[in-house]
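A look at the structure
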Amino acid sequence: MNFWLLTGMVVSATLVPCADMCLRGSAERRLVGLEMTSLIITIALVLFTIGFGRIPFIDLPLALSIMSFGGGLVFARFLEKHL
Amino acid sequence: MTVYVLLVLVMIFCWLGALGMWRMREPMQALHYLSLPACGGTIALTAAVFFQTGNSQAGWKTLLICLVLLGINSVVTHASAQAFRSRALGHWQPRPGDPVEFVHEKSQQ
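Anyway, here's the lowdown on the structure attached to this text. Source: prediction; values computed, not measured.

The next point concerns the overall build of chain B. Broken down by element type, chain B carries four helices and zero strands. Listing every helix and strand of chain B by position from the N terminus yields α-α-α-α. A globule of 109 residues ought to have a C-alpha radius of gyration of about 13 Å, yet chain B, at 18 Å, is considerably larger. C-alpha extents for chain B along the principal axes are approximately 55 × 30 × 25 Å. A burial count over chain B gives 36% of its 109 residues as buried.

Turning our attention to the overall build of chain A. For chain A, the helix and strand inventory stands at four helices and zero strands. Taken from the N to the C terminus, the helices and strands of chain A come in the order α-α-α-α. Burial statistics for chain A: of 83 residues in total, 41% are counted as buried. Restricting to contacts in chain A with at least 6 residues of sequence separation, those with at least 24 account for 51%.

What follows concerns the interface of chain A and chain B. Interfaces are often sized by the accessible area lost when the parts come together. In this assembly, 36 residues from chain A lie in contact with 38 residues from chain B. Taken together, the elements giving at least two residues each to the side of chain A that touches chain B come down to helix 1 (3-12), helix 2 (15-23), helix 3 (27-52) and helix 4 (59-81) of chain A. The biggest single contributor to the side of chain A that touches chain B is helix 3 of chain A, with twelve residues. Residues belonging to the side of chain A that touches chain B are distributed by class as follows: 24 nonpolar, six polar and six charged.

Turning our attention to the nonpolar core. Side chains that are nonpolar tend, in soluble globular proteins, to be buried together. Ranked by size, the top nonpolar core spans 47 residues in total, and within it A:Met36, A:Ile40, A:Ile43 and B:Val10 carry the most contacts. Going through the elements one at a time, helix 1, helix 2, helix 3 and helix 4 of chain A together with helix 1 (2-23), helix 2 (27-32), helix 3 (35-53) and helix 4 (57-89) of chain B are the ones with two or more residues in this core. Ranked by residues supplied to this core, first place goes to helix 3 of chain A with twelve residues. In this structure, A:Ile40 is in contact with A:Val11, A:Thr14, A:Leu15, A:Cys18, B:Cys14, B:Ala18 and B:Pro37, ignoring residues within four places of it in sequence.

With that out of the way, let us pick up the environment of A:Ile50. Counting through the fold element by element, A:Ile50 comes out in helix 3. With 26 residues separating them in the primary sequence, A:Ile50 and A:Ala76 have C-alpha atoms 32 Å apart. Each residue touching A:Ile50, except ones within four places of it in the same chain, is listed here: A:Trp4, B:Val49, B:Gln52 and B:Ala58.

Close contact between helix 4 of chain A and helix 4 of chain B brings their axes to 9 Å; oriented N to C, the two are set at 5°. Viewed along their axes, helix 4 of chain A and helix 4 of chain B adopt a mutual orientation that is roughly parallel. The residues of helix 4 of chain B that touch helix 4 of chain A, namely those facing A:Pro61, A:Leu62, A:Ser65, A:Ile66, A:Phe69, A:Gly72, A:Leu73, A:Ala76, A:Arg77, A:Leu79 and A:Glu80, are B:Lys61, B:Leu64, B:Ile65, B:Val68, B:Leu69, B:Ile72, B:Val76, B:Ala79, B:Ser80, B:Ala83, B:Ser86 and B:Arg87. Tallied by class, residues from the contact of helix 4 of chain A with helix 4 of chain B come to 15 nonpolar, four polar and four charged.

Conventions we followed
- Residues numbered from 1 in each chain as written.
- Chains lettered and ligands numbered in written order.
- Predicted model: local features only at pLDDT ≥ 70, side-chain atom pairs only at ≥ 80, totals over all residues.
- Helix = DSSP H or I, 4+ residues; strand = E, 2+ residues; numbered from the N terminus.
- Rg over C-alpha atoms; globule rule 2.2 N^0.38 Å.
- Buried ≥ 20, exposed ≤ 12 C-beta atoms within 10 Å, placed from the backbone.
- Contact = placed C-beta atoms within 7 Å.
- Nonpolar A, V, L, I, M, F, W, Y, C, P; charged D, E, K, R; others polar.
- Core = buried A, V, L, I, M, F, W, Y, C linked by C-beta atoms within 7 Å.
- Axes fitted to C-alpha atoms, helices over the stretch in contact; angles between N-to-C directions.
- Parallel < 35°, antiparallel > 145°, perpendicular 65-115°, else oblique.

Written out as structure tokens, the structure is:
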């Protein structure tokens, strides 16, 4: 195991407080937890990509970072008007 | 050695952001902690990838990810804060008693 994978594991462990935010509390707190989760997963995917030496897989965090933008906006608008 | 320092910075930024978000009671306060991994974490990660791989496809794509996250974090945070305020008040326009200063569209003289 190299240091990139170790960093990816440590960063992935922050998904525990993110999951707590997403699963408990008000809808606003859950939305914040969702946005933090998408950030953390993007960073962790980059770390795992470099750690495993599978460079073509770096397209996955790139796609996730772009798609999380739309997802966050849609959830925010839905929360504002319909929930 | 530089790569290790940068990766430790990534860990610190991610943990500080997640724990800060977790500890805050108000969602509006928790929203501020998104900027730690989105700004500090991704910049340190991009630098680490460039130090590790040099002028490579991975480095430039990580830079693109960094720029995307830096750009969208401010937009999504603003949209979320606007949604929280609209949900609580029915509108997001400033009120006279608000404890922060707002720039009004028309100067009040």
